[in-house]
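Residue-level structure breakdown
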Amino acid sequence: MSLGLTISAFMPSITSSGIFSSRRANNGANAMASNNPFVGLMNFDIAGGQILNAAKGVSNIARESKNSLATNIISAEESIKKMAKGDKVVSGFGKVLNFTADHINPLICATGAIKVLTADDKADAAVREGLALGTMFASEDLAKRTIGMPKISKINGKRTAVAREGWYKKNPFLDKQANALKDYCATKTVFNKSLKFLPGTLKGLAFVAASIGGYKLGLSAADLILGEKQ
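Residues numbered from 1 in each chain as written. Predicted model: local features only at pLDDT ≥ 70, side-chain atom pairs only at ≥ 80, totals over all residues. Heavy atoms only, no water.

**Regarding the overall build of the chain**
In plain terms, the rule: Secondary structure follows DSSP: runs of H or I at least 4 residues long count as helices, runs of E at least 2 residues long count as strands, and numbering of each begins at the N terminus. Burial status follows relative accessibility: with a 1.4 Å probe on protein chains alone, a residue under 20% of its type maximum counts as buried, one over 50% as exposed, and anything between as partly exposed. Note on contacts: a residue pair is in contact if any heavy atoms of the two residues lie within 4.5 Å. For the accessible areas, the method is Shrake-Rupley and the probe is 1.4 Å, while residue cover comes only from the protein chains on display.
The helix and strand tally for the chain stands at eight helices and four strands. Secondary structure elements of the chain occur, N-terminal to C-terminal, as α-α-α-α-α-α-β-β-α-β-β-α. The proportion of buried residues among the 230 residues of the chain is 35%. Sequence-distant contacts, at least 24 apart, represent 64% of the contacts inside the chain between residues at least 6 apart. By element, 62% of the accessible surface of the chain is carried by carbon and sulfur atoms, the whole surface being about 13,900 Å².

**Concerning the nonpolar core**
Condition: Only buried Ala, Val, Leu, Ile, Met, Phe, Trp, Tyr and Cys residues count toward a nonpolar core, and they belong to the same one when joined by side-chain atoms within 4.5 Å.
By size, the foremost hydrophobic cluster in this structure holds eight residues: Phe20, Ala143, Ile147, Met149, Phe207, Val208, Ala210 and Ile212. Contributing elements (two or more residues each) for this core: α6 (122-147) and α8 (198-226). Top contributing element to this core by residue count: α8, with four residues. Counting residues in hydrophobic clusters, the runner-up holds seven residues, among them Ala9, Ile14, Ile61 and Ala161.

**Examining α8**
Using the following cut-off: Helix span, as expected, comes to 1.5 Å for every residue beyond the first.
The terminal C-alpha atoms of α8 lie 42 Å apart, and with 29 residues this matches the ideal 42 Å at 1.5 Å per residue to within 8%. Looking only at α8, the buried set comprises Pro199, Gly200, Thr201, Gly204, Phe207, Val208, Ala210, Ser211, Ile212, Gly214, Gly218 and Ala222. Within two residues after α8, Gly227 carries a phi angle of roughly 95 degrees, on the positive side.

**A closer look at the side chain of Arg128**
Heads up, the rule is: Polar contacts, as used here, are pairs of N or O atoms within 3.5 Å; protein pairs need one atom able to donate a hydrogen and one able to accept it. Residues neighboring in sequence count only if both atoms are side-chain atoms.
Residue placement: Arg128 occurs in helix α6. A polar contact is formed between the side chain of Arg128 and the side chain of Asp223, at a distance of 2.8 Å. Beyond its immediate chain neighbours, meaning those up to four positions away, Arg128 contacts Leu219, Ala222, Asp223, Leu226, Gly227, Glu228 and Lys229.

**Brief notes about a nonpolar patch on the surface**
Note the following rule: Within the patch definition used here, like charges are joined within 9 Å and nonpolar side chains (Val, Leu, Ile, Met, Phe, Trp, Tyr) within 5 Å, considering only residues with over 30% relative accessible area and no salt bridge. Should a side-chain nitrogen of Lys or Arg be within 4 Å of a carboxyl oxygen of Asp or Glu, the pair is scored as a salt bridge.
Residues Val127, Leu224, Ile225 and Leu226 make up a contiguous nonpolar surface patch of about 400 Å² in total accessible area. Here the element with the most residues in the nonpolar patch is α8; it accounts for three residues. Secondary-structure assignment places Val127 in helix α6.

**With respect to the packing of helix α5 (residues 104-117) against α6**
Note the cut-off: Fitted lines through C-alpha atoms serve as axes, helices being fitted only where they are in contact, and the angles separating the N-to-C directions of these axes extend from 0 to 180 degrees. Note on angle classes: values under 35 degrees are labelled roughly parallel, values over 145 roughly antiparallel, values of 65 to 115 roughly perpendicular, and the remainder oblique. A crossing counts as left-handed when the near helix is turned anticlockwise from the far one by less than a right angle, and as right-handed when that turn is clockwise. Under this grouping Gly is polar, as are all residues other than the nonpolar Ala, Val, Leu, Ile, Met, Phe, Trp, Tyr, Cys and Pro and the charged Asp, Glu, Lys and Arg.
Interhelical geometry of α5 versus α6 gives an angle of 160 degrees and a closest axis separation of 8 Å. Judged by the angle between their axes, α5 and α6 are roughly antiparallel. Considering the relative orientation of α5 and α6, their crossing is right-handed. Contact residues: Asn105, Ile108, Cys109, Gly112, Lys115, Val116 and Leu117 in α5; Lys122, Ala125, Ala126, Glu129, Leu133, Met136 and Phe137 in α6. A breakdown of the residues in the contact of α5 with α6 according to their chemical character gives nine nonpolar, two polar and three charged.

**A short note on the environment of Cys109**
Tracing the backbone shows Cys109 in helix α5. Cys109 sits 24 residues away from Leu133 along the chain, and the two C-alpha atoms are 7.6 Å apart.

**Comments concerning the side chain of Glu129**
Relative to the assigned elements, Glu129 resides in helix α6. By relative accessible area, which is 10% here, Glu129 ends up buried. Beyond its immediate sequence surroundings of up to four residues, Glu129 is in contact with Gly112, Lys115, Val116 and Tyr215.

Keep in mind these values describe shape, not function.
Next comes the structure, spelled out in structure tokens:
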């Protein structure tokens, strides 16, 4: 895969995972402050998995690059792998994070279930969390299909981006504008930095906006059904 295709494939995931990890870590800190260590630790674990997913995406791009920064990234990755092989604690921690990185959504659901089970009003919490997660996942799926966000999968143990054609391509005007932006960014630089990353970054930001918007939509629906949470 060429550098351009690799950037297009992994940049949306890098962008969204980076933003989600920060929000998830903040949720973990809030849960800890609210004396809910189980939810807090699960959120921190998910944040770690999301950071790892972003790092793996950066690594994939680095392997197609030919600059010194890419060499440093690959070297650091290899050093971490060697450290993990020689240290049982680091190796065990790495296995946990790798499992989390490969199962983000199921673990988000599990965290939501723990929130419900540890809530004072479990019925109220179940409706609110169920609606919020339901609309969030539905919005994410709609966004992926609309913008053509690549699906990241493991094939023969290797992290691979599977292309997905966005629904926007069915609209000639939108397809033309998207191709024009991609062509422009492929040849332009700002402050000596290539804009090749911009289209993928925008897809990642659109996905994040859909996810957050979907979650808030579910919470708003719960407020209409149950009344605002006191």
